[in-house]
Amino acid sequence: MDWLSVSLFGATVKRQREQLAYFFSLLGAVTDGATWAEPSPAKFFQNSVSHEAGISIKWTEPGSGNVNQGLMSVDLRGTAFLALDREDRKAVYLDIAEMEGFKQCTRLDAQRTVLTPLMSAELLADRLAAGDVWVKGFQGYRQMGVITDSRQATDASTVMWGSPESAVRARSYNKAAESGWDIPAIRHEVQLRKQPARDKFLVLAENLQLEQANQATSAENAFVQSVLNQHMSYLETSRLAKLKRKDWPANWAQRCENADWWDKEVVTGDPKEIKTRWRIAKKLEDSVSASNVQYGRILAKWFLVKCCRDGMEPQDALLDISAQWILRLQDKDLEDLLAIVPEENHPQLLENFESWKKIAAHNAER
């Protein structure tokens, strides 16, 4: 991980001070006796402090009468994570997720840095310009230089995917130029905000909780690779290079394989797709919308014929057609349904899933 922003709520001064104490103590684990920077003004919070070791905190005291009273926003950056080993990072992620007053993750950056890469940032920019590779889910990219840690501009390459307002952004850049390293390096990074960040952090916490206590943790590494694979896989598109981007077929990504170098040095092994409640629900809503566009007129005509010619009551006609939908449910659909429906409603879902399938099957045999 390279960035984690979370928000918390402390209903009382005591609770908020406990939250603050945790992050102040975390500072001691990532730095050696340095001090916080001078307090800086914050637009939406009463107090704001930051540290070069990679921790920033903004908060407003409960009962102060100021905007966002009781709320706290914490940023943990890559420099803080680098100072912790993987077991300590696991503890931090779980501490935050289980902390009383934790509200949500608001930003999450996952990155993989490759030393002496097969595909440098500059070569990648050239291949993109030639149309030989592309990232699914983005309409375009921006190429720019790299700003060093000392804020100096360079001719090294950065490729940015997604707009500043996007919930999902991605970037590939010359990490050696940014950090002043002697060894060539490229960093591939996904930045998640809003709902994707909220859902993905909960998945990370769940995966960490499922690990055996006596085994070395590997969930963070697997999680990062899954995020990169899901949101940033570079696909080989050289066979489409002669076409303008707007003329590519709608299903172009289904016909393209991952770029060879991507699988060899960025996302290795067998990354698992991260299914989140938001993603599954959105996919379902999008599928229903597409079905309405394609079949809505046909179903509307059928519905009117059943009511106006055959004399069926509207509710009976709707039950009749919905039975045909229920008949086509498969056992594997239950996994998605359990992810979307709140846990407290799972007993009702399970009961209806089985009983409605039986009723629909019985009616279909008549």
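These notes cover the structure that comes with them. Worth saying up front: this structure is predicted, and the values here are computed from it rather than measured. In this numbering scheme, every chain counts its residues from 1 along its sequence in written order. In keeping with the predicted nature of the model, local features appear solely for residues at pLDDT of at least 70, side-chain atom pairs appear and are counted solely at 80 or more, and the whole-chain, interface and lining totals rest on all residues. The side-chain figures draw on all heavy atoms in the structure; neither hydrogens nor water molecules are used.

Details of the side chain of E220
Right, on to step 1. By definition, any uninterrupted DSSP run of H or I lasting at least four residues is a helix, any uninterrupted run of E lasting at least two residues is a strand, and each is numbered from the N terminus. Mapped onto the elements, E220 comes out in helix α7 (residues 219-232).
Right, on to step 2. Polar contacts, as counted here, are pairs of nitrogen or oxygen atoms within 3.5 Å of one another; within protein the pair requires one atom able to donate a hydrogen and one able to accept it, and residues that are adjacent in sequence qualify only if both atoms are side-chain atoms. Within the local environment of E220, its side chain forms a polar contact with the side chain of Y93, the two groups lying 2.7 Å apart.
Right, on to step 3. Excluding anything up to four places from it in sequence, E220 contacts M1, R89, Y93, L204 and L208. Contact between two residues is taken to exist if any of their heavy atoms lie within 4.5 Å; hydrogens are not considered.

Quick word on the packing of helix α6 (residues 194-210) against α7
Right, on to step 1. Relative orientation of the contacting elements α6 and α7 amounts to 145°, with a least axis distance of 9 Å. Here α6 and α7 pass one another in a crossing that is right-handed. Together, K200, L204, N207 and L208 of α6 and A219, E220, F223, V227, Q230 and H231 of α7 make up the contact between the two elements.
Right, on to step 2. Taken together, the residues that form the contact of α6 with α7 break down as 5 nonpolar, 3 polar and 2 charged. The axes used here are C-alpha line fits, helices contributing only the stretch in contact, and every angle between their N-to-C directions lies in the interval 0 to 180 degrees. Put simply, a crossing is left-handed when the front helix is turned counterclockwise from the back one by less than a right angle, and right-handed when it is turned clockwise. In this classification, the charged set is Asp, Glu, Lys and Arg, the nonpolar set is Ala, Val, Leu, Ile, Met, Phe, Trp, Tyr, Cys and Pro, and all remaining amino acids, among them Gly, are polar.

Quick word on the environment of E211
Right, on to step 1. Here E211 shows up in the loop between α6 and α7.
Right, on to step 2. Residue classification places E211 among the buried positions, given a relative accessible area of 18%.
Right, on to step 3. Setting aside residues no more than four positions away along its own chain, E211 makes contact with K90, A216, T217, S218 and A219.
Right, on to step 4. Among the polar contacts listed, one links the side chain of E211 to the side chain of K90, at a separation of 3.1 Å. Each residue is placed in one exposure class: buried if its accessible area under a 1.4 Å probe, protein chains only, is under 20% of its type's maximum, exposed if it is over 50%, and partly exposed if it falls in between.

Some remarks on the nonpolar core
Right, on to step 1. With 72 residues, the main nonpolar core has L4, F23, L108 and Y234 as its most contacted residues.
Right, on to step 2. Setting aside its immediate chain neighbours within four residues, L4 contacts V74, D75, L76, F81, Y93, I96, C105, R107, L108 and F201. Only buried Ala, Val, Leu, Ile, Met, Phe, Trp, Tyr and Cys residues count toward a nonpolar core, and they belong to the same one when joined by side-chain atoms within 4.5 Å.

Re the state of the cysteines
Right, on to step 1. Disulfide: a pair of cysteine sulfur atoms within 2.5 Å of each other. Counted according to the given criterion, the structure contains 0 disulfides.
Right, on to step 2. In this structure C307 is a free cysteine whose sulfur lies 6.1 Å from that of C308, the closest cysteine sulfur available.
Right, on to step 3. For C307, a relative accessible area of 18% translates into the label buried.

A closer look at the pairing of strand β5 (residues 102-115)
Right, on to step 1. Should DSSP find at least two bridges between two strands, the strands are taken to pair. Of the strand pairs in this sheet, strand β1 (residues 3-9) and β5 are connected by 6 bridges, and their pairing is antiparallel. Directly across from V6, in β5, lies its bridge partner C105.

Quick look at a nonpolar patch on the surface
Right, on to step 1. Patch membership requires more than 30% relative accessible area and the absence of a salt bridge. Residues of like charge join within 9 Å; the nonpolar side chains Val, Leu, Ile, Met, Phe, Trp and Tyr join within 5 Å. Surface accessibility follows the Shrake-Rupley procedure with a 1.4 Å probe radius. Residue values consider only the protein chains on display as shielding. Salt bridges are defined by distance alone: a side-chain nitrogen of Lys or Arg within 4 Å of a carboxyl oxygen of Asp or Glu. Residues Y295, I298, L299 and W325 make up a contiguous nonpolar surface patch of roughly 430 Å² in combined accessible area.
Right, on to step 2. Considering each element in turn, the nonpolar patch owes the most residues, 3 residues, to helix α9 (residues 277-308).

Notes on the sheet that holds β5
Right, on to step 1. The strand order β2-β3-β4-β1-β5-β10-β9-β8-β7 describes an open sheet built from 9 strands, whose pairing is antiparallel. Of all the strands in the sheet, just β2 (47-51) and β7 (141-144) have a single pairing partner and so form its edges. Taking the axes of each pair of neighbouring strands and ignoring which way they run, one obtains an average angle of 10° across the sheet.
Right, on to step 2. Lying on the sheet, helix α1 (residues 13-30) is in contact with β1, β2, β3 (55-59) and β4 (71-77); it crosses β3 at an angle near 165°.

Here we look at the pattern of salt bridges
Right, on to step 1. Under the counting rule described, the total for this entry stands at 18 salt bridges.
Right, on to step 2. One salt bridge in this structure joins E178 and K175, with 2.6 Å as the shortest N-O distance. A residue pair is termed a helical-turn pair when its members lie 3 or 4 positions apart in one helix, as E178 and K175 do in helix α5 (residues 175-179) at 3 residues. Both residues of the pair, E178 and K175, count as buried.
Right, on to step 3. Each of R107, D109, R171 and E189 takes part in a single network of salt bridges with overlapping partners.

Spatial relationships are all this shows, so hold off on functional conclusions.
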